[in-house]
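Here are the chains, one letter per residue:
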Amino acid sequence: MQPRWPSSAPAPQSTSTLPPWTLRPRTRLAAWLRDPEAPKVIHGFKAALKALTARGLELEGVVDDTSISGYLIQPDRRTYELAELAQHHLNVGIPAATAKAGQLELSFDGDDNAAADALVQAAAVVLALSRFFEDELRERRAEELLSTLELPVSRVLADMELAGIAIDMDKMDDQLADLARVIDQAQEQAFAAIGHEVNLGSPKQLQTVLFDELQLPKTKKIKSGYTTDAASLKSLLEKTGHEFLVQLMAHREAAKLRQMIESLKKSVAEDGRIHTTYAQNVAATGRISSNNPNLQNIPIRSEEGRRVRGIFVVSDGYECLLSADYSQIEMRIMAHLSGDAGLIQAYKDGEDLHRFVGSNIFHVPTDQVTSAMRSKVKAMSYGLAYGLTSFGLSKQLEISVDEARTLMKDYFDRFGAVRDYLRGVVDQARVDGYTATIEGRRRYLPDLTSTDRQLRENAERIALNSPIQGSAADIIKRAMLGVHAELQAQGLKSRMLLQVHDELVLEVAAGERDSVEKLVTGQMAAAADLSVPLEVQIGVGPSWYDAGH
DNA sequence: CCCGATCTATG
DNA sequence: CACATAGATCGGGT
C-alpha cells in the first residue's frame, strides 16, 4: 500500500493559472446528486476502490456515501487534481478516460449508470489524492476561499446550468432569414465592386484583393502581411470610400451573427432551453467562464447584434426576465483599493464619475464637460486598470501620443492615490510573488522578476489588473450566494439563470417581481463592504433584450 | 486531422 | 503597445 505520491514524479508546480480541465457536464452531475434513487453509487464506488488499490493508492478517512458526495461537489479541487494526474501520465482507472500526454479527458456519453460510475470513480480518485494538495491549499491561504465561496458557488452554478434559459425558436428563425438576405446581398455587391468572386471569410484572400488588386493603403502589419480587421477596414473606408469595403464590413457583421445564432440553435436542448456550462477553474483572475455555448459574449454593443438577445425569453409560469448589473464595479473597486479621497467622495455623492473626473482634469465645471471629454475620460479610466500606456491610449482615442500623455498626467495630478496604488500593487507583488483580491484569492506572477522585458511588463500589467478584476469576481460570487440563499429563505420560485461577470439574469416567477427586484438589489449591493457604495441597475422584460437597460 | 493565425463577441 | 475570456474559419503541415 503506497499512499504517497509516486516518488519519481516531480513535485506539483505552483502555477498562476488553474488548468482548464473540467469534469463535465455539471448539469448531469447535479441531476444525479438530486436523484433520490441512486443506489448505483455504491457499486461504482467499490469498483473505484478496487481500481485505486490495484494502483497502489489508498483511500483515507470515511468512505461512505456522505464523504463521496462531499468530494463530488468540489469541482475546483477535483479538476485541479485530475489535471495534475494527467501531468504525471497516470491512468486514473476510469474506463472512459483517455490519457494523452498532458491531457486527461472524462467522457460520459454512455448511459446514466455508466456516467454515474465514472463520476463516482473520479470522486474516489480525488478523495485519495486530495491530501496531496492540502499543503498547497494551506500555503495559499485558500481554505476559506474554497469552503465559503467556491464550493457554495459551485452548487449555485449547478442550479443555473440545470435551469437553462428558454429560447424563442421562431424569433431565431426570423433573424436567421433576415441575416441570410443581408449576407447574400452584401456578398453579391462586394463581388460586383471588384469584378470577381472571393472568399470573404478568408483574411488571406482579402489581403490580395485590398492591397494587391485595389492598391489600398497598407494597414497594420501582421505575420501574414497586413491586417483586415474591423478597425482597419473602417479607416480604409474613410480614406478611400471604396464600395467593396462597405459590403465587406456588412457581410462580416451579418455572417458573424448568423454563425452565432446557428450555433446557439444547435445548443437548444429537448426542453427548448439552452444550458451553458460554467467553469470556475479557467480564468486566472477568479472570474467564471461560460462555454458550450458561451452565453457571456452574446452581442450588445451594436443594435443589430443586440437583437440576438431577443431570442432569450421568459418561459411559461414565469413573469419576466430580470437583469441586474453592477454599475462601474471595477472603477469602484479601484477607488476603494486606492483610497483616493476624491474618487470615493464622488461615488458617495452619486456623481457621474466620468463627468466628475473630466471636470477635474479639464478644469471645467461638471456641466461643461462635453461628451467628447467624457468619452476620453471613460477610456482612460478603464484603461488604467489594464496597465494603460500613453501609446495605447493614443491609439484607442485616435489622438496624438503627446495629447494622451498630457491626459494621463492631468489624471494622476488630480487623482494621485490611484497612481500610488497601481505602483504599490506591482511593487508588493514583486515582493510577495503574487497579487491578492479582497477575498484573498492569489495569482502568482513569477514573471515579475524576469529579465525578459516583454514577459516582465506583461506580468506587471497582469499584476495591476488581477486584484481589480478578481475582486469584482469575488463580489459577484458573494452576491450570487446571497441571492440564492435569500430566494430560498423567502420561499420564492424565481431563479438565477445567467452570470455575465457583472450581471445576473433571473427568471421571475409570477407575482414575485417586486420582491425579487428588492432582494437582488439588496444582496448585490451588500455583497462587499467597500468605502464606496455598490450601485445596482435593474431591468425587466419578456426577453433578455427587453430586460437590458 | 491537428493547430497556429486571424478575427470578433463579451465584461 | 491594455486586462479576462470562447469560438469560428482558413489554410498549411502531419
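The structure presented is a predicted model; accordingly, all values stated were derived computationally and were not measured. (Residues numbered from 1 in each chain as written. Chains lettered and ligands numbered in written order. Predicted model: local features only at pLDDT ≥ 70, side-chain atom pairs only at ≥ 80, totals over all residues. Heavy atoms only, no water.)

**Student:** What am I meant to see in the nonpolar core here?
**Tutor:** Generally speaking, soluble globular proteins have nonpolar side chains that are buried together. Counting 99 residues, the largest nonpolar core has Leu264, Phe312, Tyr326 and Tyr411 as the members making the most contacts within it. It is helix H20 (residues 453–489) that provides the largest number of residues to this core, a total of twelve residues. Residues contacting Leu264, with those up to four places away along its chain left out, are Met172, Ile274, Pro293, Leu295, Ile298, Val308, Ile311 and Phe312. Counting residues in hydrophobic clusters, the runner-up holds 15 residues, among them Val198, Leu210, Leu236 and Leu245. (Core = buried A, V, L, I, M, F, W, Y, C linked by side-chain atoms within 4.5 Å. Buried < 20%, exposed > 50% of the residue type's maximum accessible area, 1.4 Å probe, protein only. Helix = DSSP H or I, 4+ residues; strand = E, 2+ residues; numbered from the N terminus. Contact = heavy atoms within 4.5 Å.)

**Student:** It is not clear to me how the packing of helix H13 (residues 329–338) against helix H19 (residues 416–432) should be interpreted in this structure. Could you clarify?
**Tutor:** Helix packing for two helices is described by the angle between their axes and how far apart those axes are. Viewed as axis vectors pointing N to C, H13 and H19 meet at an angle of 85°, and their least axial separation amounts to 9 Å. Classified by the angle between their axes, H13 and H19 sit roughly perpendicular to one another. Contact with H13, carried on its side by Met334, Leu337 and Ser338, involves Ala417, Val418, Tyr421 and Leu422 of H19 and no other residues of that element. A breakdown of the residues in the contact of H13 with H19 according to their chemical character gives six nonpolar, one polar and no charged. (Axes fitted to C-alpha atoms, helices over the stretch in contact; angles between N-to-C directions. Parallel < 35°, antiparallel > 145°, perpendicular 65-115°, else oblique. Nonpolar A, V, L, I, M, F, W, Y, C, P; charged D, E, K, R; others polar.)

**Student:** What's the story with the protein's contact with DNA strand C in this structure? I'm lost.
**Tutor:** Around DNA strand C there are 31 residues in total, and Ser202, Lys204, Asn294, Gly383 and Gln396 lie nearest to it. The protein-proximal atoms of DNA strand C, defined as those within 4 Å of the protein, are 72% sugar or phosphate. Note that a phosphate oxygen of DNA strand C is positioned 2.8 Å from one of the side-chain N or O atoms of Lys204. At a separation of 2.9 Å, a phosphate oxygen of DNA strand C approaches a polar backbone atom of Ala284. Every element with two or more residues in the surface near DNA strand C is listed here: helix H9 (203–213), helix H11 (243–267), strand S8 (289–291), helix H16 (371–384), helix H17 (390–397) and H20. (Near = heavy atom within 4 Å. Polar contact = N/O pair within 3.5 Å; in protein donor to acceptor, adjacent residues only side chain to side chain.)

**Student:** I keep staring at helix H8 (residues 169–194) and nothing clicks. Help me out?
**Tutor:** In an α-helix, one full turn covers 3.6 residues, which means residues spaced three or four apart are oriented alike. Compared with the 38 Å implied by 1.5 Å per residue over 26 residues, the 38 Å span of H8 between its first and last C-alpha is a close match. Residues of H8 that are buried include every one of Met172, Gln175, Leu176, Leu179, Ile183, Ala186, Ala190, Phe191 and Ile194, and no others. For H8, the secondary structure elements touched by its buried residues are strand S3 (165–167), H9 and H11. For H8, the N-terminal capping position is held by Asp168, with its side-chain oxygen 3.1 Å away from the main-chain nitrogen of Asp170. Following H8 by one or two positions, Gly195 adopts a phi angle in the positive range, close to 80°. (Expected span 1.5 Å × (residues − 1).)

**Student:** How should the packing of helix H18 (residues 401–414) against H19 be read in this particular structure?
**Tutor:** Direction vectors running N to C along H18 and H19 enclose 100°, while the axes themselves pass 4 Å from each other. Classified by the angle their axes make, H18 and H19 are roughly perpendicular. For the pair H18 and H19, the contacting residues are Tyr411, Phe412 and Arg414 in the first and Gly416, Val418 and Arg419 in the second. The residue makeup of the contact of H18 with H19, split by class, is three nonpolar, one polar and two charged.

**Student:** Just to check I follow, could you spell out the protein's contact with DNA strand B for this structure?
**Tutor:** Residues in contact with DNA strand B amount to 21 residues; listed here are only the nearest, Thr228, Ala230, Arg252, Ile300 and Arg301. In DNA strand B, the atoms that sit within 4 Å of the protein are 76% sugar and phosphate, with bases accounting for the remainder. Measuring from a phosphate oxygen of DNA strand B, one finds a side-chain N or O atom of Thr227 at 2.9 Å. Of the residues that constitute the surface near DNA strand B, the class distribution is seven nonpolar, seven polar and seven charged.

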